[in-house]
Amino acid sequence: MNEINSVGKNKGTKLLRNGIIIISILIVLLLVVFVVLYFCTDLLKSDKQLFFKYASQLVETEGGFVENNIEAFYNKKQQMPYENEGKFDFTVDLGNNTNEQIDIANDFVVNFSGKTDKTNNKAEQNIELKYSDDVSWPLIYRHDGDIYGIQTDYVSSKYVAVENNNLKEFAGKVGMTDTSDVPEKIEISEDKANFEYTEEEKQTVQEKYMTILENQFRDDQFQTEKNDDGTTRYILTMTNEELKNLVIALLNELKTDDVTLGKINNILSEQDLYTKNTIEAEDIDSIIESLQEGNTEEGEVQFIVAQKDSKLISISLNQNDNNIQLTKNNQEDSVNYSISVNFKFDTGLSSVETIGGTIYFSANYSGLNELNAVKENYELGIAVQDNNGQQVGKYTYQFENNVNFVDSVNIDGLNEENAMILNNYEEESIQNFMIQLGERISNVNAEQMEKIGFNYGNPMILMIPTSLGNVLLAQNLDSTISESNMENSEVQTFNNLFLKYEGNQRGTLVKSLIQEIENSNDNNESQVELEFSGLGLIRNEDLALAGEYIDNSNTYEISFEYDDTGRINKVVIAGEFNGLESR
């Protein structure tokens, strides 16, 4: 795994960023051009014309790939109150290597029911984290205007809430030393005008990119295949070198296309609430340079669109062993969309030569005709194969939500009487509360995990494949887990008492850390030493007075030392201490 991480560290970030940018640009540019190439009839059309006709349906607003009643459903959720209930669960399948701990994790399910009123900016959900038939953790989520809160009887009868205002100040209160990237308020725009093209903008795109596409695509690159089931496939074939040249030509044009570049940057800014990254001309030049300098593998790329009854039903991209396919299955009162990605690539490593597998996502909607009671079902799957193409691990996530529209819903507000709104408290009070909250949650969780017999923290840990390596080495699952940071649950629980303070912390939190050390030493055989950097060790009997040397307004750096079992045995605090001088 260290070998994999070493390779990824050097190349992964740049390749991933460039790959995402290239794919985003291709989708925006090509699909918009597909729209302007649409024709009304298939008579006397060339294979090239038919390919673009059906590809254009992917983004058509009327009678296109996305059903109008799906958009109507989401618009109705914005405009009318509704009640809902559903569940979320996940399954980990490691074949013959699935063990008792995996089975316990697979029993975990999240049940929820609630009500939402978008017009009045209110929502409430009753949530149950269900670990087994007799072990669960109930909580309530409530949203009232700019205030968001969670309540659980395991902690308090009041909601613990945060107001979505003055977040920069609040971030400083909870211990963040650098708040320069924190916005005053998190705002997510739902204005489609930021992303959709107007008719005038479509015309601009046509004028800019039509010549490029006409020069890049030849008639002999297109062909048509008719199948016995009534479907017809239109295929565009190009070499990898031709694809690279097409991308470079589009990127060169994009540098001066303020309309399209603005749409892409709008999307990026919506995804990144803090840094607000954008793509500039020099970024595009960098991508072009990388493409020109990189070696192009031999091979072909195929873009395939399929239609039935003059309606687009799938679009796919094939390149060597990799495939992406988007499909649609439309029934009388329901519609299903699915996207699957099949991948296989060489790692260049001796331990794991190739990695392959499938990632798929499906969305199913029913009750769309009346739009009174709509059922949403989503499924995400990740399957990984070994060197021999055998599946060694599969993660499946399922989300079900039943929505019923109503005339009105009653949702109580959040205020000082029923909620502890953290923004309104002083820094020291907030940080002390958060420490106590963390300890309470940790203790309740430990009790519940003991009841269900789960040894590795919480089943939700297994929701996310921590690395492909853990899946590929599934046959050694027990040793893989024991050698990870979950090796010893007791050691991990002990370390978690202190790890939450790691890094740069305000003086108020450092005082809480010292108190944590004193409490731990009083109640555990494993003792933790405290060292003031440059001054030496603080005697155990002096821990009660050590906080007096910490200035609440100063920032201190917290680090740890460990014994041979991985248990923290020393805490080192570096910074300026009141009334003490370095030796």
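The coordinates are above.
Everything numeric here is computed off the predicted structure, so don't read it as measured data. Numbers given for residues are sequential positions, taken from 1 along each chain in its written order. With the structure being a predicted model, the display of local features is reserved for residues of pLDDT at least 70 and the display and counting of side-chain atom pairs for 80 or more, all residues being used for whole-chain, interface and lining totals. Excluding hydrogens and water, the side-chain values take into account all heavy atoms of the structure.

J.: Just checking my understanding: could you explain the pattern of salt bridges for this structure?
T.: Pairing is possible between side chains of opposite charge, provided their charged atoms come close. Salt bridges, as used here, are contacts in which a Lys or Arg side-chain nitrogen is within 4 Å of a carboxyl oxygen on Asp or Glu. The full count for this structure, using the stated rule, is 16 salt bridges. In this structure, glutamate 541 and arginine 539 form a salt bridge, with 3.8 Å as the shortest nitrogen-oxygen distance. A single burial state applies to glutamate 541 and to arginine 539, both of which are exposed. The shortest N-O distance in the salt bridge between lysine 570 and glutamate 561 comes to 3.7 Å. Exposure is judged per residue with a 1.4 Å probe applied to protein chains only, and the accessible area is read against the type maximum: over 50% gives exposed, under 20% gives buried, and values in between give partly exposed.

J.: Looking at this structure, how should I read the environment of leucine 261?
T.: Within the secondary structure, leucine 261 sits in helix H8 (residues 258-271). Residue leucine 261 is classed as buried on the basis of its relative accessible area, which comes to 9%. Contact partners of leucine 261, with chain neighbours within four places excluded, come to Leu254, Ile279 and Ile284. Strands are runs of DSSP state E lasting at least two residues, helices are runs of H or I lasting at least four, and both sets are numbered from the N terminus onward. Residue contacts are counted whenever heavy atoms from the two residues lie within 4.5 Å of one another.

J.: Quick question: what am I supposed to make of the environment of tyrosine 397 here?
T.: Mapped onto the elements, tyrosine 397 comes out in strand S15 (residues 391-405). For tyrosine 397, a relative accessible area of 12% gives the class buried. In this structure, the C-alpha to C-alpha distance between tyrosine 397 and threonine 91, residues 306 residues apart in sequence, is 6.6 Å. The contacts of tyrosine 397, once residues within four sequence positions are left out, are Phe88, Asp89, Phe90, Tyr378, Glu379, Leu380, Ile382, Met463, Ile464 and Pro465.

J.: I keep staring at the side chain of glutamine 151 and nothing clicks. Help me out?
T.: Take glutamine 151: it is sitting in strand S5 (residues 147-151). Polar contact is defined as a pair of N or O atoms within 3.5 Å, subject to the rule that within protein one atom must be able to donate a hydrogen and the other to accept it, and that residues adjacent in sequence are counted only when both atoms are side-chain atoms. Among the polar contacts made by the side chain of glutamine 151, one reaches the side chain of aspartate 153 at a distance of 2.8 Å. In terms of polar contacts, glutamine 151 uses its side chain to reach the backbone carbonyl oxygen of serine 156, at 2.8 Å. Excluding residues that lie within four positions of it along the chain, glutamine 151 makes contacts with Leu139, Ile140, Ser156, Ser157, Lys158 and Tyr159.

J.: When you look at the packing of helix H7 (residues 240-254) against helix H9 (residues 281-293) in this model, what are you seeing that I'm missing?
T.: To describe two helices that pack against each other, one gives the angle between their axes and the distance between the axes. The angle between two axes is taken between their N-to-C directions and runs from 0 to 180 degrees, where each axis is a line fitted to C-alpha atoms and a helix contributes only its stretch in contact. Contact geometry of H7 with H9 gives a least axis separation of 10 Å together with a crossing angle of 160 degrees. The angle between H7 and H9 places the two elements in the roughly antiparallel class. Viewed along their axes, H7 and H9 form a crossing whose handedness is left-handed. For the pair H7 and H9, contact is made by Lys244, Val247, Ile248, Leu251, Asn252 and Leu254 and by Ile284, Ile287, Ile288, Leu291 and Gln292, respectively. All amino acids are sorted into three groups, where Ala, Val, Leu, Ile, Met, Phe, Trp, Tyr, Cys and Pro are nonpolar, Asp, Glu, Lys and Arg are charged, and the leftover types, Gly among them, are polar. Per-class residue counts for the contact of H7 with H9 are eight nonpolar, two polar and one charged. Should an angle fall under 35 degrees it is called roughly parallel, over 145 degrees roughly antiparallel, and 65 to 115 degrees roughly perpendicular, with every other angle called oblique. Here a crossing is called left-handed whenever its near helix is offset anticlockwise from the far helix by less than a right angle, and right-handed whenever the offset is clockwise.

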